[in-house]
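Commentary on secondary and tertiary structure
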Amino acid sequence: MSGATIRQATGPAYSRILGIGGVRGENVVTNDDVAGPIDSSDEWIRQRTGIVTRRRAGAQTTVLDLSEAAARKALDAAGLSGDDIDAVIVSTVTYFHQTPAAAAVLADRLGATPAAAFDVSAACAGYTYGIAQADALVRSGTARHVLVVGAEKMSDFIDPTDRSISFLLGDGAGAAIVGPSDTPGIGPTVWGSDGGKAQAIRQTHAWSDLREDPELGWPTLRQDGQTVFKWASFQMAPIAAKAMAEAGVSPGDIGAFVPHQANMRIIDQMIKQLALPDSVAVARDIAETGNTSAASIPLATERLLAEGQVGSGDLALQIGFGAGLVYAAQVIVLP
Amino acid sequence: MAYTDQEVLAGLAEIVSEETGLPTDAVLLEKSFTDDLDIDSLSMMTIVTHAEDKFGVRIPDEDVKNLTTVGDAVTYITGAQA
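Let me begin by describing the structure that accompanies this report. All figures in this text were calculated on a predicted structure; none of them were measured in a lab. (Residues numbered from 1 in each chain as written. Chains lettered and ligands numbered in written order. Predicted model: local features only at pLDDT ≥ 70, side-chain atom pairs only at ≥ 80, totals over all residues.)

Quick word on the sheet that holds strand β12 (residues 281-282) of chain A
Strand pairing within a sheet occurs via backbone hydrogen bonds; the two strands may be parallel or antiparallel. All names here are of chain A. Note the following rule: By this definition, two strands are paired if DSSP reports at least two bridges between them. Secondary structure is summarised from DSSP: a helix means a run of H or I of at least four residues, a strand means a run of E of at least two, and numbering begins at the N terminus for each.
If you walk across this open sheet you meet the five strands as β8-β14-β13-β11-β12, and the pairing is mixed. In this open sheet, the two edge strands, each paired with only one partner strand, are β8 (190-193) and β12. When strand β11 (residues 256-259) meets strand β13 (residues 315-322), the two strands line up parallel, connected through four bridges. Its bridge partner lying in β13, F257 is registered against L317.

Some details on the packing of helix α1 (residues 5-20) of chain B against helix α2 (residues 41-55) of chain B
All names here are of chain B. Counted only if it meets this: Axis angles are defined between N-to-C directions and span 0 to 180 degrees, where every axis is a line fitted to C-alpha atoms and, for a helix, only to the segment in contact. By definition in this entry, angles of less than 35 degrees are roughly parallel, angles greater than 145 are roughly antiparallel, angles of 65 to 115 are roughly perpendicular, and the rest are oblique. Crossings are assigned a handedness: left-handed for a near helix turned anticlockwise from the far helix by less than a right angle, right-handed for a clockwise turn. Contact definition: two residues whose C-beta atoms, as placed from backbone geometry, lie within 7 Å. Residues were grouped as follows: Ala, Val, Leu, Ile, Met, Phe, Trp, Tyr, Cys and Pro as nonpolar; Asp, Glu, Lys and Arg as charged; and all remaining residues, including Gly, as polar.
Direction vectors running N to C along α1 and α2 enclose 140°, while the axes themselves pass 10 Å from each other. Relative to α2, α1 is oriented oblique. The handedness of the crossing between α1 and α2 is right-handed. In this structure, α1 uses V8, G11, L12, I15, V16, E19 and T20 to contact α2, whose residues at the interface are S43, T46, I47, H50, A51, K54 and F55. The residue inventory of the contact of α1 with α2, partitioned by class, reads seven nonpolar, five polar and two charged.

Comments concerning the sheet that holds strand β6 (residues 146-153) of chain A
All names here are of chain A. Strand order in the open sheet formed by five strands is β1-β7-β6-β4-β5, with mixed pairing between adjacent strands. Here the strands that pair on one side only, and so sit at the sheet edges, are β1 (14-24) and β5 (116-120). Put simply, the sheet's adjacent strands are angled 15° from each other on average, direction ignored. Taken together, the 10 bridges between β1 and strand β7 (residues 171-181) define a ladder with antiparallel strand orientation. Across the sheet, the residue bridging to R16 is G179, located in β7. Across the sheet, helix α5 (residues 126-139) lies against β1, β4 (87-91), β5, β6 and β7, angled at about 165° from β6, the strand it touches most. Running over the sheet, helix α10 (residues 296-306) touches β1, β6 and β7 and is turned about 90° from β1.

Considering the packing of helix α3 (residues 63-78) of chain A against helix α4 (residues 102-109) of chain A
All names here are of chain A. Put simply, α3 and α4 touch, their axes get as near as 10 Å, and they point 50° apart. Considering their axes alone, α3 and α4 lie oblique with respect to each other. Note on packing geometry: the crossing formed by α3 with α4 is right-handed. Where α3 approaches α4, its residues V63, L64, S67, E68 and A71 are matched on the opposing element by A102, V105, L106 and R109.

This is how it looks when you write it as structure tokens:
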């Protein structure tokens with residue numbers, strides 16, 4: 001046995017989000033554009049989801065392109081450049097390469113090499129999972145500035161005739177830079193999973209099935225809408241409440257509520273369950289952007305800041321939830 | 001203590017009224033949730049969740065589609081009580 005004692009890294013006491021940026025798919029897709037193949041209507045889609053338009057990227061735009069554009073905006077907002085970043089986390093479920101990770105290629109594009117880089121698969125909770133990891137990396141002294149990107153090109157996995165989820169989905173990317181702070185900026189993350197409900201939001205078939213039977217065609221997404229609605233509306237509100245409790249704040253302290261933009265009806269039900277006061281600005285970016293999975297929370301946050309509904313230093317309660325099922329919530333100080 | 005059919009109906013009527021804004025006396029046993037009360041599948045899940053809490057029963061998601069009328073729900077809930 002060696003008598004030597006190793007040193008363990010220690011970091012700053014606190015971390016915070018230094019800047020946020022986002023981009024949406026360049027094409028505006030209306031309800032009328034998607035209603036035909038699902039035998040629906042603009043009115044039905046609005047009533048059921050609150051979505052008026054969704055934003056989708058063009059055929060040539062990739063998850064990496066969206067990630068890079070969002071990351072550059074976040075870096076600008078933080079007053080940093082690529083070489084200030086020493087870890088890159090990309091949360092996505094729509095990147096086409098099993099390997100290498102999107103994060104490594106993104107780091108290179110941004111001039112952040114040799115930053116540590118890896119992808120996270122946590123679907124619509126990907127961004128809040130990423131923030132949890134970035135916070136831990138900074139406070140442990142493992143990284144000083146971490147880039148977290150939630151990026152999705154959901155339109156690559158939709159079936160226009162699917163009535164369960166495809167018509168909700170949009171494309172975009174949102175990014176945040178997490179770094180050291182003199183004051184607390186990221187509250188404790190309340191997170192978890194329930195793989196017993198893995199089929200509630202799913203890919204139609206595995207890639208290996210497609211290899212065995214090419215007739216199956218390209219896999220797309222499906223969900224059990226009622227099951228997901230009930231789970232998200234009623235089981236996620238207590239998770240969000242716990243994130244506030246763990247952070248030591250009450251609903252009256254919160255400036256903004258930024259849930260994953262899955263469905264306006266879920267957002268409304270969560271507000272009710274959480275008894276949020278009217279003073280809380282509620283993210284409703286879904287109306288124009290649609291459900292962009294891991295990108296939805298940073299995109300919605302950026303909009304609230306840009307519209308002046310909240311300001312720097314205000315508290316935001318954010319919660320991601322989705323396929324897995326997985327979820328993560330935390331209270332953050334807005335940059 | 002088990003709830004009677006009448007108590008379940010009254011409680012369910014309150015839940016439906018809260019969700020839809022309909023008067024409680026519009027929630028009658030023979031009424032269809034969808035066709036008569038204009039309740040869509042997401043509102044139905046809200047009603048089911050509140051009914052589970054109120055009556056201490058569990059209504060699996062796959063059983064909800066079988067609850068066509070208010071009477072179906074009352075029968076299900078009274079039957080599901082331990």
